[in-house]
Amino acid sequence: MEEKYPQLTERVQSTFIDTILIIILMFAFASILEKFDNVPDWVRVIMFAGLFIAYEPLCMTFGFTLGNYLKGIRVRKNTDLTKRINIFQAIIRYPVKVLLGWISFLTISSNTRRRAIHDLVSGSVMIKL
């Protein structure tokens, strides 16, 4: 059975869905914090940064982000497509993805498994269910 790898458009759509979810959650957190008097700025910073930083690596470790789920794609270990990536791979993958942005996707068309730079660095691959 030949594995199917998602197209760039599917990956971008998944990322867009996740970005919208993070924005909605940030508004929800802000709304909750508004109900309390004198919330220190550092609490707000930690909540928002924590959400932004932790969402994707934790979701990837446990299976998928909302965008991945809705698009029917998953991140797996490149060496064994039946296994999810571990937290260390997810922690490596996400900052490279964020720092390189669209540049990371330049390698997708140059390899048969459509691996982006952040996939190559972290030892991951995206598959389509």
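Attention in this report is confined to the structure presented alongside it. Here the structure is a predicted model, which is why all the values come from computation and not from measurement.

Basis of the calculations
Residues numbered from 1 in each chain as written. Predicted model: local features only at pLDDT ≥ 70, side-chain atom pairs only at ≥ 80, totals over all residues. Heavy atoms only, no water. Pairing = 2+ DSSP bridges. Helix = DSSP H or I, 4+ residues; strand = E, 2+ residues; numbered from the N terminus. Axes fitted to C-alpha atoms, helices over the stretch in contact; angles between N-to-C directions. Salt bridge = Lys/Arg side-chain N within 4 Å of Asp/Glu carboxyl O. Buried < 20%, exposed > 50% of the residue type's maximum accessible area, 1.4 Å probe, protein only. Expected span 1.5 Å × (residues − 1). Contact = heavy atoms within 4.5 Å. Polar contact = N/O pair within 3.5 Å; in protein donor to acceptor, adjacent residues only side chain to side chain.

Re the sheet that holds strand E1 (residues 73-77)
To summarise the sheet geometry, strands pair through backbone hydrogen bonds and adopt either a parallel or an antiparallel arrangement.
Then, in step 1: Spatially, the three strands line up as an open sheet ordered E2-E1-E3, and their pairing is antiparallel. Here the strands that pair on one side only, and so sit at the sheet edges, are strand E2 (80-84) and strand E3 (124-128). This sheet shows a mean twist of 60° between the axes of neighbouring strands, independent of strand direction.

Looking at the pattern of salt bridges
Then, in step 1: The final tally for this structure, using the stated rule, is six salt bridges.
Then, in step 2: The partner of Glu-10 in a salt bridge is Lys-128, and the shortest N-O contact between them spans 2.6 Å. Residue Glu-10 is located in helix H1 (residues 8-34), and its partner Lys-128 is located in strand E3; the two are separated by 118 residues in the primary sequence.

Comments concerning the pairing of E1
Then, in step 1: Burial analysis of E1 places four of its five residues in the buried class, the great majority of the element.
Then, in step 2: Strand direction decides the pairing type here: E1 and E3, joined by five bridges, are antiparallel. Its bridge partner being in E3, Lys-77 is matched across the sheet by Ser-124.
Then, in step 3: With two bridges joining them, E1 and E2 adopt antiparallel strand pairing. Bridge assignment links Lys-77 to a residue of E2, and that residue is Asp-80.
Then, in step 4: Hairpin remark: E1 followed by E2, antiparallel, with two residues in the connecting loop.

Things to note about helix H4 (residues 87-100)
Then, in step 1: Along its 14 residues, H4 runs 20 Å from first to last C-alpha, staying within 8% of the 20 Å computed at 1.5 Å per residue.
Then, in step 2: What H4 keeps buried is the set Gln-89, Ala-90, Arg-93, Tyr-94, Val-96 and Lys-97.
Then, in step 3: The secondary structure elements touched by the buried residues of H4 are H1, helix H2 (41-62), E1, helix H5 (117-122) and E3.
Then, in step 4: Two or three places before Phe-88, at the start of H4, stands the capping residue Asn-86, its side-chain oxygen 3.0 Å from that residue's backbone nitrogen.

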